[in-house]
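Below are the chains, spelled out letter by letter.
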Amino acid sequence: MKKVLLGSVMLVATSVSATPFEKPEDAIHYRQSAFTMIAANFGDMAEMVKGRKDWDQAAFSQRAQFISQLSLMPEEAFEVPGSDQGDTKAKPEIWTDWDGFTVKLNKFQIDMAKLAKVSVEGDERATKRAFGVAAKNCKSCHSDYKFR
Ligand code: HEC
């Protein structure tokens, strides 16, 4: 009895974790939301780096942690069949060149994790340098994989 129950629980868990999205539109909305949050945090960090806003290492670091986590979220939403159509700026190249796309996505995730780590350590110059490296990822991916 216990085994059967365990089996059915595991089955349910598997189908739930396969995708949290009911429709392709949900996946599109989800990944756009993640990028919107990434951009809001990144924009604030850029203001500090450019000196338009007072440098605050702790606030900067908090945003870097946020983006590091957020950068892990879009990928599964691009995997949803049909999400290449509709209200999306994603280029078809994402799916025809999935390996190229995920290489860029993974590099972004790694650079953001590095930035999060460096910023926690508290060295302002090293943090700004890591930000410069991380910032290149946005344009690099958008020029190949996102319509303007
Ligand atoms: C690996 C590729 C990749 C990287 C790296 C990336 N983006 Fe994007 N971004 C996309 C794609 C693809 C879309 C289009 C998603 C859609 O419309 O379905 C997008 C959409 C967006 C949007 C629009 C969201 C909306 O509501 O339509 C913003 C803003 C954005 N990205 C900002 C950024 C910023 C800022 C960075 C860097 C800190 C970044 N992105 C890094 C691929 C990327």
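Residues numbered from 1 in each chain as written. Predicted model: local features only at pLDDT ≥ 70, side-chain atom pairs only at ≥ 80, totals over all residues. Heavy atoms only, no water.

### Quick word on a positive patch on the surface
Moving on, step 1. Together, K89, K139, K146 and R148 make up a positively charged patch on the protein surface.
Moving on, step 2. With respect to the element layout, K146 can be found in the segment after α7 (124–145). (Patch = residues over 30% accessible without salt bridge, like charges linked within 9 Å, V, L, I, M, F, W, Y side chains within 5 Å. Areas by Shrake-Rupley, 256 points an atom, 1.4 Å probe, with all protein chains shown as cover. Salt bridge = Lys/Arg side-chain N within 4 Å of Asp/Glu carboxyl O. Lys, Arg positive; Asp, Glu negative; His and termini not counted. Charge placed at Lys NZ, Arg CZ, Asp CG, Glu CD. Helix = DSSP H or I, 4+ residues; strand = E, 2+ residues; numbered from the N terminus.)

### Some remarks on helix α6 (residues 98–121)
Moving on, step 1. An ideal rise of 1.5 Å per residue puts 34 Å on 24 residues; α6 measures up with 35 Å between its terminal C-alpha atoms.
Moving on, step 2. By the burial criterion, the buried members of α6 are G100, F101, T102, L105, F108, Q109, D111, M112, L115, A116 and S119.
Moving on, step 3. The inward-facing, buried residues of α6 contact α2 (24–49), α3 (57–70), α4 (74–78), α5 (93–96) and α7.
Moving on, step 4. The first or second residue beyond α6 is G122, which carries a positive phi of 95°. (Expected span 1.5 Å × (residues − 1). Buried < 20%, exposed > 50% of the residue type's maximum accessible area, 1.4 Å probe, protein only. Contact = heavy atoms within 4.5 Å.)

### Description of the environment of S61
Moving on, step 1. Tracing the chain through its elements places S61 in helix α3.
Moving on, step 2. Accessibility expressed as a relative area gives 8% for S61, which makes it buried.
Moving on, step 3. Between the C-alpha atoms of S61 and V118, which are 57 residues apart in sequence, the distance is 8.5 Å.
Moving on, step 4. Sequence-distant contacts of S61, defined by excluding residues within four places in its chain, comprise A116, S119 and V120.

### Let's talk about the packing of aromatic side chains
Moving on, step 1. Taken as a whole and judged by the stated rule, the model has nine aromatic pairs.
Moving on, step 2. Relative to Y30, the ring of F21 lies with its centre 5.0 Å away and its plane at 65°, an arrangement referred to as edge-to-face.
Moving on, step 3. Here F21 falls in the buried class, since its relative accessible area comes to 11%.
Moving on, step 4. When its relative accessible area of 30% is taken as the criterion, Y30 is described as partly exposed.
Moving on, step 5. Relative to F131, the ring of F60 has its centre 5.9 Å away and its plane inclined at 65°; by these criteria the two rings are edge-to-face. Pair noted here: F60 is in helix α3 and F131 is in helix α7, with a separation of 71 residues, a long-range link. With respect to burial, F60 and F131 carry one shared label: buried.
Moving on, step 6. A cation over an aromatic ring shows up here: K128 above the ring of W55, its NZ or CZ 4.8 Å from the ring centre. (Phe/Tyr/Trp six-rings, centres within 6.5 Å; stacked < 30°, edge-to-face > 60°. Lys NZ or Arg CZ within 6 Å of the ring centre and 35° of its normal.)

### Side note on the confidence of the model for the protein
Moving on, step 1. Overall, the predicted model of the protein reaches an average pLDDT of 92, with 89% of residues at or above 70.
Moving on, step 2. Contacts for the low-pLDDT stretch residues 10–15, under 50 throughout, to residues beyond four places or in other chains number zero contacts. (pLDDT = per-residue confidence, 0-100.)

### Details of the nonpolar core
Moving on, step 1. Residues M45, I67, F101, M112, L115 and F131 are the most contacted members of the largest nonpolar core, which totals 23 residues.
Moving on, step 2. Within the residue set of this core, elements represented by two or more residues are α2, α3, α6 and α7.
Moving on, step 3. Take this core: its biggest share by element is six residues, from α6. (Core = buried A, V, L, I, M, F, W, Y, C linked by side-chain atoms within 4.5 Å.)

### A closer look at the pattern of salt bridges
Moving on, step 1. Tallying each qualifying case throughout the model produces seven salt bridges.
Moving on, step 2. Here D44 and R63 are joined by a salt bridge, their closest N and O atoms 2.8 Å apart. You can see D44 sitting in helix α2 and its partner R63 sitting in helix α3, a full 19 residues away along the chain.
Moving on, step 3. Overall, the relative accessible area of 14% leaves D44 in the buried class.
Moving on, step 4. Accessibility expressed as a relative area gives 26% for R63, which makes it partly exposed.
Moving on, step 5. Among the charged side chains, a network of salt bridges with common partners joins D44, K53 and R63.

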